[in-house]
Amino acid sequence: MEEDRLVEIPRSDWEEWRDLYKRDWPRHEIGFNVVQNYIDWSKHDRKIKDLVLYSLNGSWRENGTFVIIDRNYLHIYTLDESLDTLRRALELVDWDYYYIVMCEHEALLFDTFKKLNVCVGIARPHLMYFLPKEEALKFNVTIPAGLRLGSLEPRHAKIITDLWPHRETGSEFVIERLVRWNPSMGLFDEQGNLLGWCLCMQTGLMASLGVIEQRKGYGKLVVMAFAKKLAEMGRNLYATILVENEPSKALFAGLGFKPTKDINWIRNRERKFVEWSIEPYLALVGIS
């Protein structure tokens, strides 16, 4: 039997690969979103540094299993309900480096770590929230006098980064890339000062919701406007929220979002010196 290996999926196959996840729509929309994200990003930069998109033995057509390494972000997905191909693929990852993984199969990942003697750095249980685009299109977004909504600009990456309590080297890069290449939403005053924001991650998740001042309704306004914007682009709405974050859960539930599944954001502990530190990635993983 041939030894397992991770095989890069050629760019010429990405559209066919993406379309695997259209089955039972929107059950596999996150998988679809991830592949579409890198199709879109490749139009900005054909050779994105530190990005590799793998399948197990080139078998993506048969099982829809992938492992995408984007710097120290690791995206995983599979259509193989036995999870066997995903397990075998994860065992081939070089866990000497650390990765952030959004995982709905935490037992599988923890078993892999145990087998390979990989230590868990952080595990943060979240709930995945979902809203059909048809519901978001009904939102009546009323903008208070003196305020305006619009896309974020690259210069806003520093403002958002500076407000993070655990910012580290690399934070601004992570945010600026999302601002440049993905949809975003900002709330501004008459002078153009940023009051609130929300980003769209590689998975299509609404993430990194933030406001300058609490209890002014800025967060709700940004979420509604961004959800409607994404819905107008044909996307259903997703967000992951920390299980203990009751205010954010109440905000999203009040807008009609429903919890659909448990998600664990997991970070392994690296076994060698690496360039980036963990904090900027943790700050992006959910509505926290």
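Residues numbered from 1 in each chain as written. Predicted model: local features only at pLDDT ≥ 70, side-chain atom pairs only at ≥ 80, totals over all residues. Heavy atoms only, no water.

1. Here we look at helix H2 (residues 29-44)
Item 1. Here H2 contains 16 residues, and its C-alpha end-to-end distance of 23 Å stays within 8% of the 22 Å for a straight helix at 1.5 Å per residue.
Item 2. Burial within H2 is extensive, with 13 of its 16 residues counted as buried. (Helix = DSSP H or I, 4+ residues; strand = E, 2+ residues; numbered from the N terminus. Expected span 1.5 Å × (residues − 1). Buried < 20%, exposed > 50% of the residue type's maximum accessible area, 1.4 Å probe, protein only.)

2. A closer look at the pattern of salt bridges
Item 1. Counting across every chain of the model gives 23 salt bridges.
Item 2. Among the ionic pairs, Glu 135 bridges to Lys 138, the shortest N-O distance being 3.3 Å.
Item 3. Residue Glu 135 is classed as partly exposed on the basis of its relative accessible area of 36%.
Item 4. You can call Lys 138 exposed: its relative accessible area is 59%.
Item 5. Among the charged side chains, a network of salt bridges with common partners joins Asp 4, Asp 84, Arg 87, Arg 88, Glu 91 and Lys 115. (Salt bridge = Lys/Arg side-chain N within 4 Å of Asp/Glu carboxyl O.)

3. Considerations on the side chain of Asn 182
Item 1. Along the polypeptide, Asn 182 turns up in the loop between helix H8 (171-181) and strand E8 (184-189).
Item 2. By relative accessible area, which is 10% here, Asn 182 ends up buried.
Item 3. Within the structure, Asn 182 has its side chain in polar contact with the side chain of Trp 41 (distance 2.7 Å).
Item 4. When sequence neighbours within four positions are dropped, the list of residues in contact with Asn 182 reads Asn 37, Trp 41, Arg 177, Cys 200, Met 201 and Gln 202. (Polar contact = N/O pair within 3.5 Å; in protein donor to acceptor, adjacent residues only side chain to side chain. Contact = heavy atoms within 4.5 Å.)

4. Looking at the sheet that holds strand E6 (residues 120-131)
Item 1. Sheet architecture is open: 8 strands sit in the order E1-E2-E3-E4-E5-E12-E6-E11, paired in mixed fashion. The open sheet is flanked by strand E1 (6-8) and strand E11 (237-242), the only strands paired with a single partner. Across the sheet, the axes of successive neighbouring strands diverge by a mean angle of 30°, strand direction being ignored.
Item 2. Two strands pair when backbone bridges link them, and E6 and strand E12 (residues 258-268) are joined in this way by 10 bridges, in the antiparallel orientation. Across the sheet, residue Pro 125 finds its bridge partner in E12, namely Asn 264.
Item 3. Across the sheet, helix H5 (residues 106-116) is in contact with strand E5 (100-103), E6 and E12; its angle to E12 comes to roughly 15°. (Pairing = 2+ DSSP bridges. Axes fitted to C-alpha atoms, helices over the stretch in contact; angles between N-to-C directions.)

5. Concerning the pairing of E5
Item 1. Across the two faces of E5 the burial is the same, with Ile 100 and Met 102 and Val 101 and Cys 103 all buried.
Item 2. Summarising the sheet, strand E4 (residues 73-77) and E5 pair through 2 bridges and their orientation is parallel. Counterpart to Tyr 73 in the pairing with E5 is Ile 100.
Item 3. Handedness of the crossover joining E4 and E5 through helix H4 (residues 84-90) is recorded here as right-handed.
Item 4. With 4 bridges joining them, E5 and E12 adopt antiparallel strand pairing. Each residue of the ladder has a partner; that of Met 102, found in E12, is Trp 265. (Right-handed = clockwise from strand over helix to strand, strands pointing away.)

6. Details of the side chain of Asn 236
Item 1. Turning to its location among the elements, Asn 236 is positioned in the loop between helix H9 (218-232) and E11.
Item 2. The class of Asn 236 is buried, set by a relative accessible area of 5%.
Item 3. At 2.8 Å, the side chain of Asn 236 and the side chain of Glu 29 are in polar contact.
Item 4. Side-chain polar atoms of Asn 236 contact the backbone nitrogen of Lys 133, separated by 2.9 Å.

7. Side note on the nonpolar core
Item 1. Counting 42 residues, the largest nonpolar core has Trp 17 and Tyr 21 as its most contacted members.
Item 2. In terms of residue count, the dominant contributor to this core is H2 (7 residues).
Item 3. Of the residues that make up this core, three or more belong to each of domain 1 (6-127 + 263-285) and domain 2 (129-261).
Item 4. In this view, Tyr 21 contacts His 28, Gly 31, Phe 32, Val 35, Gly 64, Thr 65, Phe 66, Tyr 77 and Leu 79; residues no more than four positions away in its chain are not counted. (Core = buried A, V, L, I, M, F, W, Y, C linked by side-chain atoms within 4.5 Å. Domains from an automatic or database assignment.)

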